[in-house]
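Summary of the model geometry
In case you want the letters, here they are:
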Amino acid sequence: MATTTTDYYQVLGVQRSAGQDDIQRAYRKLARRFHPDINKEPGAEDRFKDINEAYEVLSDPKKRARYDWYGAQWRQVPEDYDGPVPGTGGFGGSGGRRVYVNTGGPAGFGGAGFGENGFGGVDIEDLLGGLFGGRAAGPSGFGRGSRVSAPGADSEAEFELSVEDAYAGGRRRITLQTASGPRSFDVTIPAGVVDGQRIRLGGQGAAGLGGGPRGDLYLIVRLTPDPRYRVDGRDINVDLPVAPWEAALGASVPVDTPGGRVQVQVPSGSSSGRRLRLRGRGMPNPNGPAGDLYAEVKIVVPAAPTAEERELWQRLAQTTTFDPRGARAGAERGRP
């Protein structure tokens, strides 16, 4: 069987920049040398199949372009494929990468359709000088009109969601740049989708060969960076700015979450870095408990205190016995 992973350019011994004339000359030379009716050496027939397959692809500008794009998987991306195209920016110009999955579509050289004369306009009968006494066919499997029915390839594409949209879920319309132009999809996003989660759109992948069913399209969720929320799995981390007196005396302060603003109780004596856990306020989970939200205390002081505020700070500095560096050193010594 002809290989589908060998570099076609290497098979014909040409550079990737070779023109059609160079490709045709290389093919004619190798086909005469390795045709199984001329060359009886072991392996000659397999080599001949590889040569024919390589020429069948590289002699067709459209197939050659698809091979250059997709490499060994080019046969799993049919000519009428209208799925994601690498490097086109993807959803909304987000620049997401595109990965194409080999779903075991037609391999070898028999399923692509060779045209009336066989190989990109080169008549194999003429090439071999009438050695067969008829049209090229038979044991090599190049019969006229050969067709293969196979399902289309599954495809994957990344798209971006804000943390709030991922938290809430719901119906979204997503536009994807494809080979035949933009396509829009109505997608139901489950509440609480996390980064890397896949959403399957059945029958929206590549078109099948020979009337085969279309493949599926898998949308991979990518959460956009957010200055407020740091998502770790289903847990969410946020900064909680508090005033020095709120940290010292304790206070109920508001904190923003993807589900809306809530109040959190800051215990008295809280220092920067203390994490306050809000159970179940993280990303929802349709199959289990929701994640948690962690609010990290950040003590914030006035950037430009008024004269009265400055006087109060000075009075506190003169009366307090608190040594923050000593307290920190003691805490460090007390750690196991």
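This text gives an overview of the structure that appears in the document.

Analysis parameters
Residues numbered from 1 in each chain as written. Predicted model: local features only at pLDDT ≥ 70, side-chain atom pairs only at ≥ 80, totals over all residues. Heavy atoms only, no water. Salt bridge = Lys/Arg side-chain N within 4 Å of Asp/Glu carboxyl O. Helix = DSSP H or I, 4+ residues; strand = E, 2+ residues; numbered from the N terminus. Buried < 20%, exposed > 50% of the residue type's maximum accessible area, 1.4 Å probe, protein only. Axes fitted to C-alpha atoms, helices over the stretch in contact; angles between N-to-C directions. Parallel < 35°, antiparallel > 145°, perpendicular 65-115°, else oblique. Left-handed = near helix turned anticlockwise from the far one by under 90°. Contact = heavy atoms within 4.5 Å. Nonpolar A, V, L, I, M, F, W, Y, C, P; charged D, E, K, R; others polar.

As for the pattern of salt bridges
On inspection of all chains with the given rule, the structure shows 16 salt bridges. Notably, a salt bridge pairs K49 with E45, separated by 3.9 Å at the nearest N-O pair. Taken together, the positions of K49 and E45, both in helix α3 (residues 44-58) and 4 residues apart, correspond to about one turn of that helix. On the accessibility criterion, E45 (31% relative accessible area) is partly exposed. When the shortest N-O distance is used, the salt bridge between E56 and K63 registers 2.4 Å. Each member of the salt-bridge network shares a partner with another, and the members are E158, D195 and R222.

Things to note about the packing of helix α2 (residues 20-34) against α3
With their axes 10 Å apart at the nearest point, α2 and α3 run at an angle of 165 degrees to one another. When the axis of α2 is compared with that of α3, the two are roughly antiparallel. Judged by the sense of rotation from one axis to the other, the crossing of α2 with α3 is left-handed. For the pair α2 and α3, the contacting residues are Q20, I23, Q24, Y27, L30, A31 and F34 in the first and A44, R47, F48, I51, N52, Y55 and L58 in the second. Here the residues of the contact of α2 with α3 sort into 10 nonpolar, 3 polar and 1 charged.

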